[in-house]
Amino acid sequence: MAASDPHQAADPDAVKRHPTLFRAIRKRRNPPLRRTDITVTDDAAVKRAVKAASLGNAMEWFDFGIYSYLAVTLGHVFFPSGNDTTQLLSSFATFAVAFLVRPLGGMFFGPMGDKLGRKKVLALTMILMAVGTFAIGLIPSYDTIGVWAAVLLIFFRMLQGFSTGGEYGGASTFIAEYAPDKRRGFFGSFLEFGTLAGYVGAAGLVTALYALLTDAQMEAWGWRIPFLVAGPLGLVGLYLRLKLDETPAFQKLEGGIAHATEAADSVEATAKGDLAKIFRQYWPTLILCICLVGAYNITDYMLLSYMPTYLSDELGYSETHGLLLLLAVMVFLMLIIAQVGKLSDRFGRKPLLMAGMLGFLFLSLPAFLLIRIDGIFPITIGMLMLGLSLVCMLGTMSAALPALFPTNVRYGSLSVGYNLSASIFGGTTPLVITALISWTGSNLMPAYYAMAAALIGVIAVACMKETAQQPLIGSPPSVETDEEAAELIQAQAPEPKF
């Protein structure tokens, strides 16, 4: 492989003898920016893109979150009666099935998003998720059709997982490619605001149903209501996404309106979305992405998906009690997540991500010891300790991850890396924690599991490069005003020599 620096490719003595020649070579390989190279963002278009991606993401995670909040009831509906722990494990195993096919969805939708565009693929994932969720609401119970109930549930959970495989990578890529470089963290944080909003909507609806209906009514028909709501919500999300334009970075790949330097041209010349190329050329970054996402997903699903079940099954609280506590924590996180995004723009992605990882490493055990104490106050404090650690990652990760990969393989690489990690670590979290508690008899296992994940996360954050306020790899600089563009051009002008 040829060296990118002519000094490395040539004899040092030759460089000394012909400095002018080698300066010319460097200049040709790294040409100075022209004004037309710099993308000046349209504030209204950025806000529309962020709104559509975030609302669509909220609807996807509303659909996905319903299942985890109804896990106990669904275990009774779809699996044979007997041991409650066995039913719960069966329900969480079905929850994990959706994650097993997420990498397949990422490998399918990711390269497609690099070929056909971010907008079209995000619309398709929305349709598939809505269909899968709506169909679950129509499945007869185990008492009605026997084992076929579980078979149908698994099939439609797999459809949900397949569609989700193209969601996060596409939505985070979409926002990152629209946002100006200096505010990518702020705008990216709204993607996870949408995730929290989806979970809050799901938890709020399920809490209301548990409060209004008896256990018998919930198992007979009440559990179906949240799933059936997914149909109309999916149509709303589809409408919002179809109204958007493609990102400036992708339009450059298509020979559209965005401009880039010749240096960026060499990177963005094609949109093959070749999976083999992703694994062959970007495997070190893929491993980094998998480690970051693994630590983030284990802590995320432990708090946002598993915690209500932990409070009800392990500590004896009612389903409504656990969900109300989690709702309060998630609403609080929604109120501060955009500020975390701003902080990541100002101080960098690494400091915020490291704070979140270290928070889980050192606060998980004290937090779960507080959660085990009977009373609203200690449980709330414990969950807030975990929530504040999580929001440092939630508000930063959606800006940090897309910046790991170049534009022409960003959707594909991020979808593959994110979903491989989510499949191995995220979706299995409730199942693994439930099994560990069952085997060891210790209800502190969630804390130990989160601490182990956070330790890997600390190492991954230490290894990543800082990307705050910098252009995305393979894309031209993106700024908010013409004045900023002029300053960039001026900054690279050579200083006069006297």
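Residues numbered from 1 in each chain as written. Predicted model: local features only at pLDDT ≥ 70, side-chain atom pairs only at ≥ 80, totals over all residues. Heavy atoms only, no water.

Engineer: Mind showing me how you'd approach the overall build of the protein here?
Structural biologist: Along the backbone of the protein there are 26 helices and two strands. Taking all 498 residues of the protein together, 57% fall into the buried category. Contacts spanning at least 24 positions in sequence make up 84% of the contacts within the protein whose residues lie at least 6 apart. On the protein, roughly 20,300 Å² of surface is accessible, and the fraction owed to carbon and sulfur atoms is 66%. (Helix = DSSP H or I, 4+ residues; strand = E, 2+ residues; numbered from the N terminus. Buried < 20%, exposed > 50% of the residue type's maximum accessible area, 1.4 Å probe, protein only. Contact = heavy atoms within 4.5 Å. Areas by Shrake-Rupley, 256 points an atom, 1.4 Å probe, with all protein chains shown as cover.)

Engineer: Quick question: what am I supposed to make of the packing of aromatic side chains here?
Structural biologist: Note on aromatic pairs: each is described by the distance of the centres and the angle between the planes. Applying the stated rule across the entire model yields 13 aromatic pairs. When the centroid spacing of 5.6 Å and the interplanar angle of 35° are considered together, the rings of Phe108 and Phe162 count as tilted. A residue pair is termed long-range when its members are at least 10 positions apart, and Phe108 in helix H7 (residues 102-116) and Phe162 in helix H10 (residues 147-164) qualify at 54 residues. Of the residues examined, Phe108 reaches a relative accessible area of 42% and is grouped as partly exposed. Between Trp223 and Phe227, the aromatic rings sit 5.9 Å apart at their centres with planes inclined by 75°, giving edge-to-face as the arrangement. What links up through ring pairs into an aromatic cluster is the set Phe186, Phe187, Phe190 and Phe193. (Phe/Tyr/Trp six-rings, centres within 6.5 Å; stacked < 30°, edge-to-face > 60°.)

Engineer: Mind showing me how you'd approach the side chain of Arg157 here?
Structural biologist: Summarising the element assignment, Arg157 is placed in helix H10. There is a polar contact of 2.7 Å between the side chain of Arg157 and the side chain of Gln160. Beyond its immediate chain neighbours, meaning those up to four positions away, Arg157 contacts Phe64, Tyr67, Thr94, Phe95, Ala98 and Ile136. (Polar contact = N/O pair within 3.5 Å; in protein donor to acceptor, adjacent residues only side chain to side chain.)

Engineer: What am I meant to see in the state of the cysteines here?
Structural biologist: Here, the word disulfide means a covalent bond between the sulfur atoms of two cysteines. Evaluated as defined, the whole model comprises zero disulfides. For the unlinked cysteine Cys289, the closest cysteine sulfur is that of Cys291, found at 9.3 Å. (Disulfide = S-S within 2.5 Å.)

Engineer: Sorry, what's going on with the layout of surface pockets here?
Structural biologist: It is the rolling of a water-molecule-sized probe over the atoms that shows where space remains empty. In this structure, the largest pocket encloses a volume near 330 Å³. Lining the largest pocket are 13 residues, and of these Ala403, Leu404, Lys465, Thr467 and Ile473 sit closest to its centre. Each residue belonging to the lining of the largest pocket can be placed in one class, and the counts come to seven nonpolar, three polar and three charged. (1 Å grid on protein atoms, 1.4 Å probe; cavity = no way out; pocket = protein on both sides within 12 Å on 5 of 7 lines; lining within 4 Å. Points joined across faces, edges and corners; volume = space filled by probe spheres on them. Nonpolar A, V, L, I, M, F, W, Y, C, P; charged D, E, K, R; others polar.)

Engineer: I'm lost on the nonpolar core in this one. Help?
Structural biologist: Across soluble globular proteins, you tend to see nonpolar side chains buried next to one another. Of all hydrophobic cores here, the largest spans 128 residues; its most connected members are Met307, Met383 and Leu401. Here this core takes 16 residues from helix H19 (residues 283-314), the largest share from any one element. (Core = buried A, V, L, I, M, F, W, Y, C linked by side-chain atoms within 4.5 Å.)

Engineer: Just checking my understanding: could you explain the environment of Thr133 for this structure?
Structural biologist: By the secondary structure assignment, Thr133 is in helix H8 (residues 118-136). Take Thr133: its relative accessible area is 0%, and that puts it in the buried class. In this structure, the C-alpha to C-alpha distance between Thr133 and Tyr67, residues 66 residues apart in sequence, is 9.2 Å. Of the polar contacts made by the side chain of Thr133, one reaches the backbone oxygen of Met129; its length is 2.8 Å.

Engineer: I tried to follow the pattern of salt bridges on my own but got confused; where do I start?
Structural biologist: Any two side chains of opposite charge can pair if their charged atoms end up close together. For the structure on display, the rule yields three salt bridges. Salt-bridge contacts for Arg184 lead to Asp181; the nearest nitrogen and oxygen are separated by 2.3 Å. Across the pair, Asp181 and Arg184 agree in class, each one buried. A salt bridge links Arg349 to Asp345; the nearest nitrogen and oxygen atoms lie 3.0 Å apart. Asp345 shares its class with Arg349; the two are buried. (Salt bridge = Lys/Arg side-chain N within 4 Å of Asp/Glu carboxyl O.)

Engineer: Just to check I follow, could you spell out helix H22 (residues 376-400) for this structure?
Structural biologist: Its 25 residues place the ends of H22 35 Å apart at the C-alpha level, agreeing with the 36 Å of an ideal helix rising 1.5 Å per residue. The sharpest bend along H22 reaches about 25° and sits at Leu390. Most of H22 is tucked away: 19 of the 25 residues are buried. (Expected span 1.5 Å × (residues − 1). Bend = angle between axes of the 7 residues up to and from the residue.)

Engineer: Looking at this structure, I do not really get the packing of helix H21 (residues 349-371) against H22. What am I missing?
Structural biologist: The description of two helices packed together rests on the angle between their axes and the distance between the axes. Remark: H21 packs on H22, axes separated minimally by 8 Å, with the N-to-C direction vectors making an angle of 160°. Judged by the angle between their axes, H21 and H22 are roughly antiparallel. Relative to H22, the crossing made by H21 is left-handed. (Axes fitted to C-alpha atoms, helices over the stretch in contact; angles between N-to-C directions. Parallel < 35°, antiparallel > 145°, perpendicular 65-115°, else oblique. Left-handed = near helix turned anticlockwise from the far one by under 90°.)

Engineer: Would you mind going over the packing of H8 against helix H15 (residues 230-242) with me for this structure?
Structural biologist: In contact at an axis separation of 9 Å, H8 and H15 are set at 175° when each is read in the N-to-C sense. As summarised for this structure, H8 and H15 are arranged roughly antiparallel, according to the angle between their axes. Counted together, Lys119, Leu122, Ala123, Thr125, Met126, Ile127, Ala130, Thr133 and Phe134 of H8 and Ala230, Gly231, Gly234, Gly237, Leu238, Arg241 and Leu242 of H15 form the full contact between these two elements. For the contact of H8 with H15, a count of residues per class yields nine nonpolar, five polar and two charged.

Engineer: Mind showing me how you'd approach the confidence of the model for the protein here?
Structural biologist: Regions with low pLDDT carry predicted coordinates that are not meant to be interpreted in detail. Per-residue pLDDT for the protein has a mean of 80; in total, 83% of the residues score no lower than 70. Averaged pLDDT values over the elements of the protein bottom out at 36 in helix H17 (residues 262-267) and peak at 95 in H21. Here residues 1-9 scores under 50 on pLDDT; set against residues more than four positions off or in separate chains, the count is 11 contacts. For residues 256-273, every residue scores under 50 in pLDDT, and the model assigns this stretch 41 contacts once sequence neighbours within four places are set aside. (pLDDT = per-residue confidence, 0-100.)

Engineer: Please explain the environment of Trp223 as it appears in this structure.
Structural biologist: Residue placement: Trp223 occurs in the loop between helix H13 (215-222) and helix H14 (224-228). For the pair Trp223 and Ile66, spaced 157 residues apart in the sequence, the C-alpha separation amounts to 9.3 Å. When near neighbours in sequence (up to four residues on either side) are disregarded, Trp223 contacts Leu70, Thr73, Leu74, Val77, Phe78, Ile136, Gly137, Ile139 and Met218. Among the polar contacts made by the side chain of Trp223, one reaches the main-chain carbonyl oxygen of Glu219 at a distance of 3.5 Å.

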